[in-house]
Amino acid sequence: MRFLQLSILSLSLSIISCTPSKKDKYSLANPELISYKVEQTMPHDSTAYTQGLLVHKGKIYESTGREGSWVGIVDPSTGKPDKKVILDDKFFGEGITILNNKIYQLTWQQKVGFVYDLETFEQLREFKYNNEGWGLTHDGKNLIMSDGSNSLSFLDTASLAPIKKLNVTYKGVAVSSLNELEYVDGFIWANIYLKDQIAKIDANTGEVQGFLDLSDLTYRTRLLNPDADVLNGIAWHESTKSLLVTGKLWPLIYVLKLTANPEN
């Protein structure tokens, strides 16, 4: 794909890796960690208050919040967006997903979502929901949205009404503050708001299988931009099996490869 073939901005950090130690017992305070390495980085607009990130047919799509919230396609060579939709200032944009040639977008406390034509970005409809809108993804059939709790809502794509809920737990304990989402092969990856962690959730049971601890990336990012806010933004690149992650006001997108943990 084009964005992975570009000459990528390189940190003078070489490859960052994280390999967890084997534990006899796990808890939320001491969770099971998923190993990864950073293969490369790409520039990201450090003014973008990222709420949603995804890759569709080789293109990076992003949505942002705050005043002037937008949905656009990101140029991977510069990190700058081609803003396709700019919301009225009364709306605080949240997560996006693409399904059936449509872009679905949430807003935060306004409890209204928008549907756009993928090619023209023309607004096709609005839809309502009763809770806050945070993250959004899909499983190929239904939309899946978060609202900051430990519960994920599955929405029918025709009526855009909730059809079921999935409570997310780890070792029997609720995992709350679920934010940006990405569905990959039967699992939902979810940012934990205000934490440097991404949870890997079984989409059938709601049980968290483990966590990515990205605190090292947050630390290094804030060395580059002290104004960088929290981790938020997960995109799966299917053909390369890579996970792209970024955050609000981050100057970089990190391209991760998940690696086997030799101790497990």
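Computed from a prediction, not measured in an experiment: that's the story for all the values here.

Some details on the packing of aromatic side chains
Aromatic ring pairs are defined here through the distance separating the ring centres and the angle between the ring planes.
And then number 1: Throughout the structure, instances matching the rule amount to eight aromatic pairs.
And then number 2: Ring geometry for Y49 against F92: centres 6.4 Å apart, planes inclined by 85°, an arrangement best described as edge-to-face. Of this pair, Y49 sits in the loop between β2 (36-43) and β3 (50-56) while F92 sits in the loop between β6 (81-86) and β7 (93-99), and the two are 43 residues apart along the sequence. You'll find Y49 and F92 in the same group, each marked buried.
And then number 3: Here W250 and Y254 contribute two aromatic rings whose centre-to-centre distance is 6.0 Å and whose plane-to-plane angle is 90°, an arrangement assigned as edge-to-face.
And then number 4: Taking relative accessible area as the criterion, W250 reaches 0% and is therefore assigned buried.
And then number 5: Grouped by ring-pair contacts, the aromatic residues Y49, F92 and W108 constitute a single cluster.
And then number 6: Taking NZ or CZ as reference, R66 lies 3.9 Å from the ring centre of Y49, over its face.
And then number 7: Just above the ring of F187 sits the side chain of K200; from NZ or CZ to the centre is 4.4 Å.

Here's the deal with the sheet that holds strand β5 (residues 70-74)
And then number 1: Read across the open sheet, the four strands follow the order β3-β4-β5-β6; overall the sheet is antiparallel. Every other strand in the sheet has two partners, leaving β3 and β6 as the edge strands with one partner each. Within this sheet the neighbouring strands show an average axis-to-axis angle of 20°, counted without direction.
And then number 2: Of the pairings in the sheet, the one linking β5 to β6 comprises five bridges and is antiparallel in character. By the bridge assignment, V74 is partnered in β6 with P81.

Describing unusual backbone geometry
And then number 1: We note that D185 has phi near 50°; this positive angle belongs to a residue other than glycine.
And then number 2: For D185, the position within the fold is in the loop between β17 (178-184) and β18 (187-192).
And then number 3: Positive phi values are uncommon outside glycine, yet L194 reaches one of about 70°.
And then number 4: Mapping L194 onto the fold places it in the loop between β18 and β19 (197-202).

Thresholds, definitions, all that
Residues numbered from 1 in each chain as written. Predicted model: local features only at pLDDT ≥ 70, side-chain atom pairs only at ≥ 80, totals over all residues. Heavy atoms only, no water. Phe/Tyr/Trp six-rings, centres within 6.5 Å; stacked < 30°, edge-to-face > 60°. Helix = DSSP H or I, 4+ residues; strand = E, 2+ residues; numbered from the N terminus. Buried < 20%, exposed > 50% of the residue type's maximum accessible area, 1.4 Å probe, protein only. Lys NZ or Arg CZ within 6 Å of the ring centre and 35° of its normal. Pairing = 2+ DSSP bridges. Axes fitted to C-alpha atoms, helices over the stretch in contact; angles between N-to-C directions.

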